Amino acid sequence: MSHQAAGFQWLKDHFSLQCRLTHRSYIGSIKKTEVSSDGCIIETYGPKYAPSKDTAYHHLEFGLKYDNLSLDFLLAVFKCADQQELMAFIKNNPGGRYARRIGFIYEWLTGQYLNMESDFSGNYVDLIDGKKYVTGSILKNSRWRINDNLLGGPEFCPVVRKNIDLSALLSIDFHAKLKELKEEYSPEIFNRAAQYLYRKETRSSFEIEKENPTPDRINRFIELLYNAGKIPANEVLTEKNLTLLQNA
């Protein structure tokens, strides 16, 4: 069997997109995984994994199953792909988990409403897999029966893939670690260490701007760092508080 692109790589070739992929899929005779010189994972799947049809949305379904999620890439695909073809794909799979995911992502990313009845069946499904990605609080979408667990909105939404190192870090109870440190060292030593780090961070920040601040200005910056996190984010991000921080 010849080596054929699948999923996001097929879509990239088909629409001549310039987006960079971190995972490229192919259909071949033997399943294997390689890493390219630029760090991209190249994965070959057996014939049974091949999309049932060579259409944009069948390959998009494959990509959502096996490739690394990229919202920028999906938006580029939606700008090229035919909307009528999308609606036909969804109508042929009204209860399909991936058809519903694709319909939801299309409307969410493009802001364009698909003119079709929202009588989709099936249980609610998470938009992205919590085992593969860092997820946010769930927002239920009744139209597509989707649990939107992305980290943001269409205007700004980071996608954070989990790997062995990140999963190990996420499993650490940092509050417990800090508690152990506070029990091991006296408050005086702990505070001196914290002040040293605040001062070092302050100097580094001014060096980036090639500035030579006065001691008073350094102390004011340290005070801002010291108080960071003590005020709820929704209060910090008001115009009044942002102005106070900038003036300080």
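Residues numbered from 1 in each chain as written. Predicted model: local features only at pLDDT ≥ 70, side-chain atom pairs only at ≥ 80, totals over all residues. Heavy atoms only, no water.

Novice: Looking at this structure, how should I read the sheet that holds strand 7 (residues 146-148)?
Specialist: Paired through their backbone hydrogen bonds, the strands of a sheet run either parallel or antiparallel. Ordered by their spatial adjacency, three strands build an open sheet running 5-7-6, and the pairing between neighbours is mixed. The two strands at the open ends of the sheet, each matched to only one other strand, are strand 5 (125-126) and strand 6 (139-141). Bridge count between strand 6 and strand 7: three bridges; the pairing is antiparallel. Bridge pairing in strand 7 places Leu-139 opposite Asp-148. Helix 5 (residues 97-110) rests against strand 5, strand 6 and strand 7 of the sheet, and its axis sits at about 45° to strand 7. (Pairing = 2+ DSSP bridges. Helix = DSSP H or I, 4+ residues; strand = E, 2+ residues; numbered from the N terminus. Contact = heavy atoms within 4.5 Å. Axes fitted to C-alpha atoms, helices over the stretch in contact; angles between N-to-C directions.)

Novice: How should the environment of Val-77 be read in this particular structure?
Specialist: Positionally, Val-77 belongs in helix 3 (residues 71-80). Separated by 29 residues in sequence, Val-77 and Tyr-106 have C-alpha atoms that sit 9.8 Å apart. With sequence-adjacent residues up to four places away left out, Val-77 is seen in contact with Leu-11, Phe-15 and Leu-17.

Novice: I would appreciate a short explanation of unusual backbone geometry in the present structure.
Specialist: Trans is the prevailing form of peptide bonds, just as negative phi is the prevailing case for residues other than glycine. Phi angles above zero are rare outside glycine, and Ser-16 is one such case at about 55°. With respect to the secondary-structure elements, Ser-16 resides in the loop between helix 1 (7-15) and strand 2 (23-27). The phi dihedral of Lys-210 falls on the positive side, at around 55°, and the residue is not glycine. Positionally, Lys-210 belongs in the loop between helix 8 (187-208) and helix 9 (215-227). The exposed category is assigned to Lys-210, whose relative accessible area is 76%. (Buried < 20%, exposed > 50% of the residue type's maximum accessible area, 1.4 Å probe, protein only.)

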